[in-house]
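So the chains spell out like this:
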Amino acid sequence: MWIGWIEFDLLLGHVHSLKEKRSVIRPIVAELSRRTEAAAAEVGAHDLHRRASIGVSVVGTSPSHVRDVLDGAERLMAERPEVTLLSAHRGLASSED
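Here we summarise the structure given alongside this text.

Analysis parameters
Residues numbered from 1 in each chain as written. Predicted model: local features only at pLDDT ≥ 70, side-chain atom pairs only at ≥ 80, totals over all residues. Heavy atoms only, no water. Helix = DSSP H or I, 4+ residues; strand = E, 2+ residues; numbered from the N terminus. Rg over C-alpha atoms; globule rule 2.2 N^0.38 Å. Buried < 20%, exposed > 50% of the residue type's maximum accessible area, 1.4 Å probe, protein only. Contact = heavy atoms within 4.5 Å. Lys, Arg positive; Asp, Glu negative; His and termini not counted. Charge placed at Lys NZ, Arg CZ, Asp CG, Glu CD. Expected span 1.5 Å × (residues − 1). Arc of directions from axis to C-beta. Core = buried A, V, L, I, M, F, W, Y, C linked by side-chain atoms within 4.5 Å. Patch = residues over 30% accessible without salt bridge, like charges linked within 9 Å, V, L, I, M, F, W, Y side chains within 5 Å. Areas by Shrake-Rupley, 256 points an atom, 1.4 Å probe, with all protein chains shown as cover. Salt bridge = Lys/Arg side-chain N within 4 Å of Asp/Glu carboxyl O.

1. Here we look at the overall build of the protein
From N to C terminus, the protein includes 2 helices and 4 strands. Relative to the compact-globule value of 13 Å for 97 residues, the protein shows a C-alpha radius of gyration of 14 Å, a close match. Taken along the three principal axes of its C-alpha coordinates, the protein extends 45 × 20 × 20 Å. Split into buried and exposed, the 97 residues of the protein put 37% on the buried side. Counting contacts in the protein only where the partners sit at least 6 residues apart, residues at least 24 apart contribute 71% of the total. Averaging the locations of the 12 positively and 14 negatively charged side chains of the protein gives two centres separated by 7 Å.

Okay, structure coming up:
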């Protein structure tokens, strides 16, 4: 079994409050979960209104499948016009590690 994860560091556009941040982040997390069939959540920068950290994790039977899902998540994030993708950090591990 293979476990993969990716964490996105995002800069939010015209967001001036934490309430506005939630209205931007919530649909992104929902779309990532729905379209990749992986777990997605806001994982950091909770107290900053113009920054966000979103994590996606997936478990699969092959490393290529896990990489494909993470690649798809990164493409989805890069296509979002309301955020700027500053960085993406990923990891991949076997359950036997």
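2. Things to note about helix α2 (residues 63–78)
Compared with an ideal rise of 1.5 Å per residue, which puts 16 residues at 22 Å, α2 spans 22 Å between its outermost C-alpha atoms and is within 8% of the ideal. Within the span of α2, buried status applies to V66, V69, L70, G72, A73, L76 and M77. One side of α2 holds all its buried residues, which, seen down the axis, span an arc of 155°. Exposed side of α2, more than 90 degrees from the buried face: D68 and A78 are the residues found there. Against the buried residues of α2 lie β1 (2–12), α1 (18–36), β3 (51–60) and β4 (83–94).

3. Some remarks on the environment of P63
Tracing the sequence through the fold places P63 in helix α2. Taking C-alpha positions, P63 is 5.9 Å from W2, a pair spaced 61 residues apart along the chain. When sequence neighbours within four positions are dropped, the list of residues in contact with P63 reads W2 and L92.

4. Re the nonpolar core
Core analysis: the largest hydrophobic core is formed by 23 residues, its most contacted members being L32, I54, V56 and M77. Where this core is concerned, the elements lending two or more residues are β1, α1, β3 and α2. Per element, the largest residue contribution to this core is 6 residues, and it comes from α2. If we ignore the near neighbours within four places in the chain, the residues touching L32 are E37, A40, I54, V56, A73, L76 and M77.

5. Points about a nonpolar patch on the surface
Nonpolar side chains collect at one region of the surface, where M1, I3, W5 and V59 lie side by side and expose about 390 Å² of accessible area between them. Inspection of the secondary structure assignment puts M1 in the segment before β1. The exposed category is assigned to M1, whose relative accessible area is 55%.

Take it as geometry only, folks, not as evidence of what the structure does.
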